[in-house]
Amino acid sequence: MTIIHNLGFPRMGAQRELKRSLEAYWAGQTSQEELLETGRSLRAHHWDLQSKAGLDTVPIGDFAWYDQILEWSTLLGVVPARFAQADNSPVSLDTMFRMARGRAPSGTPAVACEMTKWFDTNYHYIVPELAPGQTFRIARESLFEQIEEAKTLGYKAKPVIPGPLTWLWLGKGDAYEGLADVGKLALLDALLPVYEQVLTRFKAQGVEWVQIDEPILVLDLPQQWQDAFGRVYQTLNQAGLSVLLATYFDDFRENVALLKGLPIAGVHVDAVRAPAALQAVHAVLGQEQILSAGVISGRNIWRTDLDKTAQTLQPLKEALGERLWIAPSCSLLHVPVDLHGETGLDAELTSWLSFAVQKLDELRLLQGLLDGTLDEAGKQAVQAQRAALKSRRESRRTHNPSVQAQMAQIDKLTRQRAPFAQRIEAQRNKLKLPAYPTTTIGSFPQTIEIRTARRDWRGGSLSDSAYEKAMQAEIEQVIRFQERIGLDVLVHGEAERNDMVEYFGELLAGFAFTQNGWVQSYGSRCVKPPIIFGDVLRVAPMSVAWSSYAQSLTDLPVKGMLTGPVTMLQWSFVRDDQPRADTCRQLALALREEVSDLEQAGIHVIQLDEPAFREGLPLRKGDWQVYLDWAVDCFRLSTSAVSDETQIHTHMCYSEFNDIMQSIADMDADVITIETSRSNMLLLEAFENFEYPNDIGPGVYDIHSPNVPDKDWMVRLMGEAAKRLPADRLWVNPDCGLKTRGWTETEASLLAMVDAAKVLRAAA
Ligand code: GLN
Ligand code: ZN
């Protein structure tokens, strides 16, 4: 029989039980024992699901109270000094929470550890903080306890742990320069013995297989890092366990050579992202080694083409026999738990989808197909899946003739506006803005009243007209407020938006929304990405009514607010039956129409937010340009149909711009607003070195904090900006939207900001 296994199951629970339990515990409403019990019962349930699906081991180590990398760092005793961890006592749960969040029900608050994106996913991990000469010891027992827990319940445990090289790569510290710093490799001397102790303890617990994740093997690796693999796995092999080395998210490419002769028992390959890796790894595999083919997507929610997959696997099956294993491509952490929770989706669409629980079923069906062991029920399920795939391929909902017709003509549409110098001249004449113009990023505080109105309207207890009135009242209040404090380019406040992608997605054909399709983003926070299942079409204007209502109230320019095509794509589950670039172009076309309608309606400043622009970058630098080319093209497609005097803005939150500056400039927005306040304008160096040609609003205060910024401080920051960029191209604005802020601090902060602009103008 072909062995099926899993790399990790979503830990949050189908009803986000872990989230609730964590937040109640953090708020001091429940005891730690209650929290521990939630964890135990979720694990038991998830193991049960996996074992019923026919997996012969269950992954252990995929459960985490906050983040699996943080779990591992604390197991290794890596706790920064400010958390006052005693050298030889265990790291407590609350210490781990303090590292993640700065505070916990017990222990002194301290600055939380840094958090950042996990490879190219929307999951965020806590960055291991490495001290110079960092030491290691086994400082948490929970992983070993979970293995016992699984054994007691009758499951065979396969621990899943971060590999030493990947864990070190992700680590940072004052003594080390960056991710690739070879200095970190010196820590291996101290680190490897502790890994060996861990593996030895697993062995004593009766563990046979351990999965060691080394996803950095799909990155561009400096030579010293490549060289370290041999030594590391020689050492880890000493413990006498069978090591499954797991990678995901991309291909090995040149790193496949590192696998040759490595003393490991098997390799896991992401065959969804990198189908060619199967052959490449097979070619370097030794006589005894296992190949684990990750063929069910752990990153997307579409049903697998079982026949096609079985066909690709067949030659490998013949060559490898029992040495071919099959699995999801990566941990199922990145997909929602169970499709059965969805009652709002129609039957056809539902039949196309597969969440974590369904993916395990697919795995078992695939096993049956490969081995020729499908029973009657299995055969029926395979038939049903074939029918679903066929309906998806042929559906009018996925292939809309009018969108196809537009797409066929898309190359004829202009992406080129007049030169910036000519545009900005026309815009200055039209808008008549002062020097250092002030504006905001779009949203104003989302009060309880706003949320209640939206909820009641959706639930049907508030009529369309009453809702419209309520939103208009919010808009009016926001407009009057902005006039009163003296802002120059106003916004309508985005009260009607629950979420910047969902709002537009709901108004576009081709999008679907789940009720419970939650995916963990970080800690207890989950997101519910929309599903782009079909051709995207704008059925009617989406934002024009709100923006023109706002404009009707004032003589000052109101900025129309849209979400850019790349961000819409990046924060959704995207159809897999056409290139992402094509889906993005469809989004761009829809937005292009919206931009034109806004312009027609008398909106002369239009912003397309692209906070996720950088997130789309592929893992390998060599692949960047292809992505950047189509991403920039889509942005330009959305924004180039307007006249010279219509001013296009874009906004990006905290981002490193240095290495993609040319593309940012190529987007050719008239004004870009960015996050720079937290780095004291350091980020601006990128714009200075590159001689960024258009206008810039370097956010002058951090909206993530409730603190009211000081006027003089903002004047100083703008002074820093003016040293680097011509003053007549600078705007004054906060660094992001204000929706999470309260009104009191918003008013005080914006007043101070407008005052700062006045000081700047007087000095100019
Ligand atoms: N216009 C959005 C807002 O103000 C931008 C949000 C973002 O950049 N993430 O809320
Ligand atoms: Zn932002």
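Source: prediction; values computed, not measured. (Residues numbered from 1 in each chain as written. Chains lettered and ligands numbered in written order. Predicted model: local features only at pLDDT ≥ 70, side-chain atom pairs only at ≥ 80, totals over all residues. Heavy atoms only, no water.)

**Comments concerning the sheet that holds strand S18 (residues 647-652)**
Taken together, the five strands give an open sheet; going across it, the order is S15-S17-S18-S19-S20, and neighbouring strands pair in parallel fashion. Where the open sheet ends on each side, the last strands, each with one partner, are strand S15 (559-563) and strand S20 (695-698). Strand-to-strand twist of the sheet, defined as the mean angle between neighbouring strand axes without regard to direction, takes the value 20°. In terms of strand pairing, S18 meets strand S19 (residues 671-674) through four bridges, oriented parallel. By the bridge assignment, His649 is partnered in S19 with Val671. (Pairing = 2+ DSSP bridges. Helix = DSSP H or I, 4+ residues; strand = E, 2+ residues; numbered from the N terminus. Axes fitted to C-alpha atoms, helices over the stretch in contact; angles between N-to-C directions.)

**Overview of the site of ligand 1**
Around ligand 1 sit 13 residues in total, of which Ser443, Glu494, Asp609, His651 and Gly737 are the nearest. A distance of 3.1 Å separates a nitrogen atom of ligand 1 from a polar backbone atom of Ile441. The side chain of Asp609 places a nitrogen or oxygen atom 2.6 Å from a nitrogen atom of ligand 1. Burial of ligand 1 by the protein amounts to 92% of the accessible area it has alone, namely 300 Å². Of the residues that constitute the shell around ligand 1, the class distribution is six nonpolar, four polar and three charged. (Near = heavy atom within 4 Å. Polar contact = N/O pair within 3.5 Å; in protein donor to acceptor, adjacent residues only side chain to side chain. Areas by Shrake-Rupley, 256 points an atom, 1.4 Å probe, with all protein chains shown as cover. Nonpolar A, V, L, I, M, F, W, Y, C, P; charged D, E, K, R; others polar.)

**Some details on the nonpolar core**
In this structure, Leu76, Trp167, Phe202, Tyr233 and Leu313 are the most contacted members of the largest nonpolar core, which totals 121 residues. Counting residues per element, this core draws most heavily on helix H7 (residues 188-204), which supplies eight residues. In contact with Phe202, other than residues within four places in its own chain, are Leu143, Phe144, Ile147, Pro159, Ile161, Val207, Val210 and Leu241. Within the second largest apolar cluster, 101 residues are counted, among which are Ile479, Ile485, Leu490 and Val544. (Core = buried A, V, L, I, M, F, W, Y, C linked by side-chain atoms within 4.5 Å. Buried < 20%, exposed > 50% of the residue type's maximum accessible area, 1.4 Å probe, protein only. Contact = heavy atoms within 4.5 Å.)

**Comments concerning the layout of surface pockets**
Considering only enclosed or pocket space, the second largest pocket measures out at about 390 Å³ in volume. In this structure, the second largest pocket is lined by 17 residues; those nearest its centre are Trp457, Tyr467, Tyr503, Leu507 and Trp546. For the lining of the second largest pocket, the elements supplying multiple residues, two or more each, are helix H16 (448-459), helix H17 (464-485) and helix H19 (544-552). Here the lining of the second largest pocket is composed, by residue class, of nine nonpolar, two polar and six charged. (1 Å grid on protein atoms, 1.4 Å probe; cavity = no way out; pocket = protein on both sides within 12 Å on 5 of 7 lines; lining within 4 Å. Points joined across faces, edges and corners; volume = space filled by probe spheres on them.)

**Some words on the packing of aromatic side chains**
For the structure on display, the rule yields 27 aromatic pairs. An angle of 50° between the planes, with centres 5.9 Å apart, marks the rings of Phe119 and Phe249 as tilted. Remark: Phe249 occurs in the loop between strand S7 (242-246) and strand S8 (266-270) and Phe119 occurs in the loop between strand S3 (115-117) and strand S4 (124-126); sequence separation between them is 130 residues. In this pair, the class of Phe119 matches that of Phe249, namely buried. Ring pairing ties together the aromatic residues Trp118, Phe119, Tyr125, Tyr248 and Phe249, which thus form one cluster. Stacked on the ring of Phe63, the Lys or Arg Arg43 has its end atom at 4.6 Å from the ring centre. For Arg101, the ring lying beneath its charged end belongs to Trp26, and the centroid distance is 3.9 Å. (Phe/Tyr/Trp six-rings, centres within 6.5 Å; stacked < 30°, edge-to-face > 60°. Lys NZ or Arg CZ within 6 Å of the ring centre and 35° of its normal.)

**What about the coordination of the zinc ion (ligand 2)?**
Six octahedral donors around a metal ideally make angles of 90 or 180 degrees; four tetrahedral donors ideally make 109.5 degrees. Within the protein, His651 (NE2), Cys653 (SG) and Cys736 (SG) serve as the donor atoms for the zinc ion (ligand 2), at 2.0 to 2.2 Å. With four donor atoms in place around the zinc ion (ligand 2) and angles of 91 to 124° between them, the coordination shape is tetrahedral. As a motif over one chain, the donors of the zinc ion (ligand 2) read H-x1-C-x82-C. Here Cys736 lies in the loop between helix H25 (711-724) and helix H26 (743-763) and Cys653 lies in the loop between S18 and helix H23 (661-667), a separation of 83 residues in the sequence. Exposure remark for Cys653: the relative accessible area of 22% places this residue in the partly exposed category. (Donors = N, O, S within 2.8 Å, 3.2 Å for Na, K, Ca; no water. Tetrahedral: all angles 85-135°; square planar, octahedral: opposite > 155°, others 65-115°.)

**Digging into empty space enclosed by the protein**
Enumeration according to the criterion identifies seven cavities of 30 Å³ or more in this entry. Of the voids in this model, the largest cavity is the one considered here, and its volume is about 380 Å³. Along the walls of the largest cavity sit 28 residues, with Gly61, Asp62, Gln68, Val160 and Pro162 positioned nearest its centre. When residues in the lining of the largest cavity are grouped by element, the largest group, five residues, is from helix H3 (residues 68-75). Classifying every residue of the lining of the largest cavity by side-chain character gives 14 nonpolar, nine polar and five charged.

**Concerning the sheet that holds S8**
One open sheet accounts for eight strands, arranged S1-S10-S9-S8-S7-S6-S5-S2; its pairing is parallel. What marks the edges here is a single partner per strand, and that holds for strand S1 (3-4) and strand S2 (58-60).

**Concerning the environment of Val91**
Examined against the element boundaries, Val91 turns out to sit in the loop between H3 and helix H4 (93-101). Contacts of Val91, omitting those with residues within four sequence positions, involve Thr74, Val79, Gln85, Ala139 and Arg140.

**Remarks on helix H8 (residues 223-237)**
Taking 1.5 Å per residue as the helical rise, H8 with its 15 residues ought to reach 21 Å, and the 22 Å between its terminal C-alpha atoms agrees with that figure. Of all the bends found along H8, the most pronounced is centred on Phe229 and spans about 25°. The secondary structure elements touched by the buried residues of H8 are helix H6 (164-170), H7, strand S6 (209-213) and S7. (Expected span 1.5 Å × (residues − 1). Bend = angle between axes of the 7 residues up to and from the residue.)

**Side note on the packing of helix H5 (residues 142-152) against H7**
Running from amino to carboxyl end, H5 crosses H7 at an angle of 15°, the nearest separation of the two axes being 11 Å. Judged on the interaxial angle alone, H7 and H5 are roughly parallel. Considering only the axes of H5 and H7, their crossing is right-handed. Each of Leu143, Phe144 and Ile147 in H5 lies in contact with H7, whose residues at this interface are Val198, Arg201 and Phe202. Broken down by class, the residue content of the contact of H5 with H7 amounts to five nonpolar, no polar and one charged. (Parallel < 35°, antiparallel > 145°, perpendicular 65-115°, else oblique. Left-handed = near helix turned anticlockwise from the far one by under 90°.)

**Things to note about the UniProt feature "active site" (unreviewed entry) in the chain**
Summarizing the sequence annotation, UniProt attributes the feature "active site" (unreviewed entry) to His704 in the numbering used throughout. Relative to the helices and strands, His704 is located in the loop between S20 and H25. Beyond its immediate stretch of four places on either side in the chain, His704 contacts Arg678, Asp735 and Arg741. At 2.8 Å, the side chain of His704 forms a polar contact with the side chain of Asp702. (UniProt positions renumbered as here; feature names shortened; annotations may be inferred.)

**With respect to the pattern of salt bridges**
Inspection of every chain in the model, using the stated rule, returns 51 salt bridges. Linking Glu114 and Lys172 is a salt bridge whose minimum nitrogen-to-oxygen distance equals 3.0 Å. A residue pair is termed long-range when its members are at least 10 positions apart, and Glu114 in the loop between H4 and S3 and Lys172 in the loop between H6 and H7 qualify at 58 residues. With relative accessibility at 32%, the residue Lys172 sits in the partly exposed group. Put simply, Arg585 and Asp633 hold a salt bridge, and the shortest N to O gap is 3.7 Å. In this pair, Arg585 is assigned in helix H21 (residues 580-600) and Asp633 in helix H22 (residues 624-639), connecting sequence segments 48 residues apart. Judged on exposure class, the residue Arg585 and its partner Asp633 are both buried. Ionic contacts of the salt-bridge type, sharing partners, join the residues Arg392, Asp535, Arg575, Asp576 and Asp577 into one network. (Salt bridge = Lys/Arg side-chain N within 4 Å of Asp/Glu carboxyl O.)

**As for unusual backbone geometry**
Negative phi characterises most residues that are not glycine, and trans characterises most peptide bonds. Despite not being glycine, Arg16 has its phi angle at roughly 55°, a positive value. Topologically, Arg16 is positioned in the loop between S1 and helix H1 (17-26). Looking at Arg16, the relative accessible area reads 17%, which means it is buried. Here Glu691, not a glycine, exhibits a phi torsion of approximately 55°, which is positive. Here Glu691 is to be found in the loop between helix H24 (684-690) and S20. Its relative accessible area of 66% is what places Glu691 among the exposed residues.

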